[in-house]
Amino acid sequence: MTLYRIGSHKISCFRTSASRIYPLLHVLELENQQQNRQYGGSKNQGGGYFNRVVMMRLFGTLGIGLLAHQVYTAKSGDKDSLDYQVFRGKSVWENLKEDHRIENLARNAPKKAQKSVPSEKREDLPTYTLEEVLQHTTMEKRIWVTYGQGVYDITDFIPQHPGGSEKISMAAGSSVEPFWMLYGVHKNPNVLAILEKYRIGNLSPAEAAEATANMEDPYARDPIRHPALKPSSKKPFNAEPPPTLLTESFVTPVDLFYVRNHLPVPEISENDYKLEIHFQGKDYSFSLDDLKTKFEQVTVTATVMCAGNRRGEMTEIKPVKGLNWGHAAIGNATWSGPRLSDILRYIGVKENDPSIQHIQFEGLDHDVSNVPYGASIPFNKAIDPKGDVVLAYEMNGEVLSKDHGFPIRAVVPGTVGARNVKWLGRIIVSDVESDSHWQQNDYKGFNPSVDWDTVDFSKSPAIQELPVISAICSPDSGSVVKLNSNSSLNMKGYAWSGGGRRIVRVDVTADSGKTWHSANITAQDSSKEPHHWGWSLWSIDLPIPQGVREVELWAKAVDSAYNTQPETFANIWNLRGVLGNAYHRIRVQVAS
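If you look the protein up in an unreviewed UniProt entry, it shows as sulfite oxidase from Frankliniella occidentalis. Of the comments in the UniProt record for the protein, the one headed Subcellular location (unreviewed entry) reads "Mitochondrion intermembrane space".

Participant: Help me understand the overall build of the protein in this model?
Facilitator: A tally of helices and strands in the protein yields 13 helices and 35 strands. A burial count over the protein gives 59% of its 592 residues as buried. As presented, the protein carries roughly 22600 Å² of accessible surface, and 47% of it is formed by carbon and sulfur atoms.

Participant: I would appreciate a short explanation of the environment of Ala510 in the present structure.
Facilitator: Along the polypeptide, Ala510 turns up in the loop between β30 (503-509) and β31 (517-518). The exposure class of Ala510 is buried, given its relative accessible area of 10%. Apart from the residues lying within four places of it in its own chain, the contact partners of Ala510 are Leu542, Pro543, Ile544, Pro545, Val551, Glu552 and Leu553.

Participant: Explain the sheet that holds strand β33 (residues 536-543) here, please?
Facilitator: Within a sheet, adjacent strands bond to each other through the backbone by hydrogen bonds, running parallel or antiparallel. The four strands lie next to each other as β27-β29-β33-β32, forming an open sheet whose pairing is antiparallel. Whereas interior strands pair on both sides, the edge strands pair on one side only; in this sheet they are β27 (469-474) and β32 (520-524). On average, each strand axis in the sheet is inclined to that of its neighbour by 30°, with strand direction left out of account. In terms of strand pairing, β27 meets strand β29 (residues 488-496) through five bridges, oriented antiparallel. Paired with Ile469 across the bridge in β29 is Trp496.

Participant: How do you make sense of the sheet that holds strand β18 (residues 297-305) when you look at a structure like this?
Facilitator: Pairing is antiparallel in the open sheet, where four strands are placed in the order β18-β19-β23-β24. Each having just a single partner strand, β18 and β24 (398-399) make up the two edges of the open sheet. With two bridges joining them, strand β19 (residues 330-338) and strand β23 (residues 394-395) adopt antiparallel strand pairing. Its bridge partner being in β23, Trp335 is matched across the sheet by Met395.

Participant: Mind showing me how you'd approach the pairing of strand β14 (residues 237-240) here?
Facilitator: Along any regular strand the residues' side chains alternate between the sheet's two faces. Alternating residues of β14 divide into Phe237 and Ala239 and Asn238 and Glu240, and every residue in both groups is buried. Bridge count between strand β13 (residues 230-234) and β14: four bridges; the pairing is antiparallel. When the bridges of β14 are listed, Lys230 appears paired with Glu240. In sequence, β13 turns back onto β14 through a hairpin of two residues. Pairing of β14 with strand β15 (residues 259-260) involves two bridges; the strand directions are antiparallel. Looking across to β15, one finds that Ala239 is bridged to Val259.

Participant: Where do I start with the pattern of salt bridges in this structure?
Facilitator: Charged atoms that come close allow side chains of opposite charge to pair. Summed over the entire model, instances satisfying the criterion amount to 19 salt bridges. With a shortest N-O distance of 3.6 Å, Asp342 and Arg339 are connected by a salt bridge. Given a relative accessible area of 22%, Arg339 falls into the partly exposed group. Note that Arg505 is salt-bridged to Asp507, the shortest N-O span being 2.8 Å. Residues joined by salt bridges that share partners form a network here, namely Asp222, Arg225 and Asp403.

Participant: Whenever I open this one, the environment of Ser233 confuses me. Can you help?
Facilitator: Mapped onto the fold, Ser233 is located in strand β13. With a relative accessible area of 1%, Ser233 lands in the buried category. Between the C-alpha atoms of Ser233 and Asn324, which are 91 residues apart in sequence, the distance is 9.0 Å. Engagement of the side chain of Ser233 in a polar contact is seen with the backbone oxygen of Pro236, the distance being 2.6 Å.

Participant: Looking at this structure, I do not really get unusual backbone geometry. What am I missing?
Facilitator: Note on backbone geometry: most residues besides glycine have negative phi, and most peptide bonds are trans. Cis rather than trans, the peptide bond between Lys235 and Pro236 has omega equal to 0°. A cis geometry characterises the amide bond from Ser474 onward to Pro475, with omega recorded as 5°. By the element assignment, Pro475 lies in the loop between β27 and β28 (480-481). The residue Ser487 is not glycine, and still its phi comes out positive at about 65°. Residue placement: Ser487 occurs in the loop between β28 and β29. On the basis of relative accessibility, which here comes to 22%, the residue Ser487 falls in the partly exposed class.

Reading guide: rules and limits
Residues numbered from 1 in each chain as written. Predicted model: local features only at pLDDT ≥ 70, side-chain atom pairs only at ≥ 80, totals over all residues. Heavy atoms only, no water. UniProt positions renumbered as here; feature names shortened; annotations may be inferred. Helix = DSSP H or I, 4+ residues; strand = E, 2+ residues; numbered from the N terminus. Buried < 20%, exposed > 50% of the residue type's maximum accessible area, 1.4 Å probe, protein only. Areas by Shrake-Rupley, 256 points an atom, 1.4 Å probe, with all protein chains shown as cover. Contact = heavy atoms within 4.5 Å. Pairing = 2+ DSSP bridges. Axes fitted to C-alpha atoms, helices over the stretch in contact; angles between N-to-C directions. Salt bridge = Lys/Arg side-chain N within 4 Å of Asp/Glu carboxyl O. Polar contact = N/O pair within 3.5 Å; in protein donor to acceptor, adjacent residues only side chain to side chain.

Set out below in C-alpha cells:
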C-alpha cells in the first residue's frame with residue numbers, strides 16, 4: 001500500500017495486481033499537528049484542531065478490492081475525537097457511509113480546494129503524463145496517484161499509516177478510481193473536496209480516460225434485488241424491506257429478507273464448491289453433494305437479525321458509526337441442511353475435548369489482500385445437536401440465493417447475524433476465537449461513556465446471543481391514521497429474543513406508560529425454549545385517548561426468562577450503534 005502527500009495532507013491507496021494498480025484506501029489527513037502529536041497520544045497534548053481520516057478495511061473478490069472508509073474530525077481535547085483501530089496490524093475497517101462527521105471534515109477543507117473539481121483541469125497547476133505519474137512509486141521519488149484529471153502526492157504519511165506501509169503502497173503511480181467505484185461513498189462531494197486538497201497537477205483528458213481503461217466493477221455480477229428493498233448502501237449492498245411488509249408473513253419471503261453484505265457477492269460454481277474443515281492439523285473437504293447426501297437434512301425456523309438493527313434510533317441520541325438501519329434489518333426463515341454437530345463428529349471431533357473452545361467460520365468473500373470475512377462461535381453451541389447450528393443450502397424450501405450465501409450459509413440460531421457466515425468456505429476447529437476484524441474489533445458493546453478515544457475492543461466479548469427486542473411495523477411512524485369506530489388503532493409488529501427464548505408478552509401503550517395493554521401473539525413457532533429460534537408476530541387494537549391529534553405509541557416485549565427491553569436508548573447508547581433494543585416508539589397523526 002502506498003501513501004502520497006501534498007503539503008501537510010496525506011492520501012493512502014492500493015492496487016490489486018502488477019498489471020493494474022488499483023487504489024483502495026481513502027484520504028487520510030492529519031492537519032495542524034502541534035508538538036508532534038501522534039495518533040493515540042494524550043488528548044491534552046498539543047493544541048489547535050486536527051482531522052483524522054480513519055483508514056479502511058479492504059473489500060474484494062477474486063483480487064478486486066473494496067474500500068469502506070471513515071472520516072472524522074475532532075478538536076484537541078474534544079470528547080468526540082476518534083482514535084483509529086488496527087485490524088491484524090494491517091488494515092483498519094469501518095463501514096462509515098453515513099457518518100455525519102465526514103461533513104465536518106469537509107467544512108474544514110480550504111475554500112479553494114472545495115471549488116476545484118477533480119474531473120476538470122486546474123489552470124493553476126502543471127500537467128503531467130501517466131508515464132510521469134508512474135515514475136513516482138517509491139518514497140525516494142515521491143508517491144503519486146490520480147483521480148479524474150487530478151494528480152496527487154501522498155508520500156509522507158506512509159510511515160504513519162495504521163494499516164501498514166505495504167498495503168498502502170499498492171496504489172503507487174495509478175488511479176484511485178477503480179476502487180472508489182467499489183464503494184459509492186467516495187463520490188460524495190465532501191470526500192472529493194478533501195481529496196482535492198492534495199492535488200499537485202493535472203492529467204490530459206485522454207490520459208485520464210486511459211488511466212481507468214478496462215476498469216471492472218466488482219459489483220457488476222451482484223444479483224438483481226427486489227425494488228422494495230431500501231438500501232442503506234449499494235456497494236456493498238445492504239438493504240431492508242419496508243417494515244409494514246414484515247408482519248404480512250411469519251416466514252419472510254427470500255426476496256424481501258434484509259441483505260447485509262460486507263464485500264461483493266462472490267461468484268461460486270456449485271460443481272467446484274468445496275467446504276474445507278481444519279481439525280488437528282488435517283484438512284477435510286466436502287463437496288455440496290457430500291453435504292446433501294452424507295448427512296441428515298434438518299430444517300430449523302430461525303430469525304436472523306443484524307446487530308445494528310434500529311441503529312437509526314440510536315443516532316438520535318448521539319451519532320454512531322455504521323449503516324443507518326431502520327427496524328427491518330431482521331427476518332424469519334426456514335433453513336435446511338446438515339447439522340454442524342453431525343459433520344464435526346464425522347471428522348472425529350469429541351464433545352468433551354477440552355482443547356476445543358471455538359469453531360471459526362470463513363466466507364468465500366475476500367478483501368483485496370485475500371483476507372476472508374470471518375467469525376466464530378463457542379464450541380459448545382456448535383457441537384450440541386440442540387444448538388441447531390445448520391449448514392444451510394436451502395432457505396424457505398428453495399435453493400439458497402446468492403445474496404443469502406449460496407451455496408452454503410452457517411445458520412447459528414439465536415445468535416447475531418454477523419456469526420451466520422454466508423458463502424461458507426472454511427471451518428476451523430480451534431482453541432481460540434477467530435482473529436477476524438469482525439470478531440475482534442467490531443460487533444461488541446460498550447457503555448455509553450466509551451468513545452473512540454477510550455475504546456479498547458479487547459475488553460469486551462464478541463456479541464453472540466442477542467437481547468429481547470420488538471418493533472411496531474404498522475402504522476408507519478409519521479403517518480396519518482384513522483381510528484376504528486371504538487377509538488382504537490390497529491397496530492402490528494414483531495418481537496424476538498436471542499438464545500432460544502420465546503416471547504411471552506408484548507406490551508403497548510399510547511399514554512407514555514400510564515396504562516399498558518398486552519398485544520395478541522398472532523404467529524409463533526411451536527418450538528419450546530431454550531430452542532425457540534423464530535420471532536413472534538403480534539397485533540392489537542389499542543385504545544387511543546379521546547381528543548388527541550398526535551400520539552406517541554410505545555412497544556416492549558418480554559421473553560421466557562422475563563427479560564424485557566430497556567426504556568430508552570440513552571442508557572444503552574454505544575459507539576458502534578449495536579444492540580439497539582430500547583422500547584420502540586413512533587409518532588402518528590390522528591385523522592379528524
